[in-house]
Amino acid sequence: MAAPNMFGAPGGAPVTLTLEQAKDAVAKMSALLESPENVALLDQAKATAGNDVMQFMMVVLPCACGILSQVLAEFGFSADPAGAMMLVQALEAHKGDPEISDKAKAMKAKFIPEQMQQMLATAMGLGPK
């Protein structure tokens, strides 16, 4: 029996987004990450993690996934770090769109410390920033 596919949609196919879906997802995520109560949650998680990458993965990423869980689920991704990574990869298909690119950079800056961005992008298979 094969191991379950943790990183794709049910049935194993990766979730893809149209340009309009990607814009909608990014707009909804931006709104959530900019709300004062979520800014406070992320700030607390980032303070707890400091500059430790493992703490970031164990504290900040799950916090962000909790904040974004409704958006992740709405667009067919699991509401966990694996689903968040798959959403980021789906958005990469539209990185040439200025609206998506600008909002994605702004979101990344909200919860990923600059010194960790390159390493995390490489770990997620997204190459150089």
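Presented here is a report on the structure given in the accompanying data block. A quick note: this is a predicted structure, and the numbers were derived from the prediction, not measured.

Another point: the environment of Gln21. Among the structural elements, Gln21 can be located in helix H1 (residues 19-34). Residues Gln21 and Leu91, 70 residues apart in the sequence, show an inter-C-alpha distance of 9.5 Å. With near-sequence residues (within four places) excluded, Gln21 lies in contact with Thr16 and Phe75.

This part covers the pattern of salt bridges. Summed over all chains, the structure comprises seven salt bridges. Among the salt bridges present, the one from Lys23 reaches Asp97, with a minimum N-O distance of 3.6 Å. Of the two residues, Lys23 is situated in helix H1 and Asp97 in the loop between helix H4 (81-92) and helix H5 (98-111); the sequence distance between them amounts to 74 residues. Owing to a relative accessible area of 15%, Asp97 belongs among the buried residues under this scheme. Lys28 is the salt-bridge partner of Asp24, the closest N and O atoms lying 3.4 Å from each other. You can see Asp24 and its partner Lys28 sitting in helix H1, four residues apart, about one turn around the helix. Residue class for Asp24 comes out partly exposed when judged on its relative accessible area of 33%. Overall, the relative accessible area of 29% leaves Lys28 in the partly exposed class.

Cut-offs and rules
- Residues numbered from 1 in each chain as written.
- Predicted model: local features only at pLDDT ≥ 70, side-chain atom pairs only at ≥ 80, totals over all residues.
- Heavy atoms only, no water.
- Helix = DSSP H or I, 4+ residues; strand = E, 2+ residues; numbered from the N terminus.
- Contact = heavy atoms within 4.5 Å.
- Salt bridge = Lys/Arg side-chain N within 4 Å of Asp/Glu carboxyl O.
- Buried < 20%, exposed > 50% of the residue type's maximum accessible area, 1.4 Å probe, protein only.

Any functional reading would require information that these geometric values do not contain.
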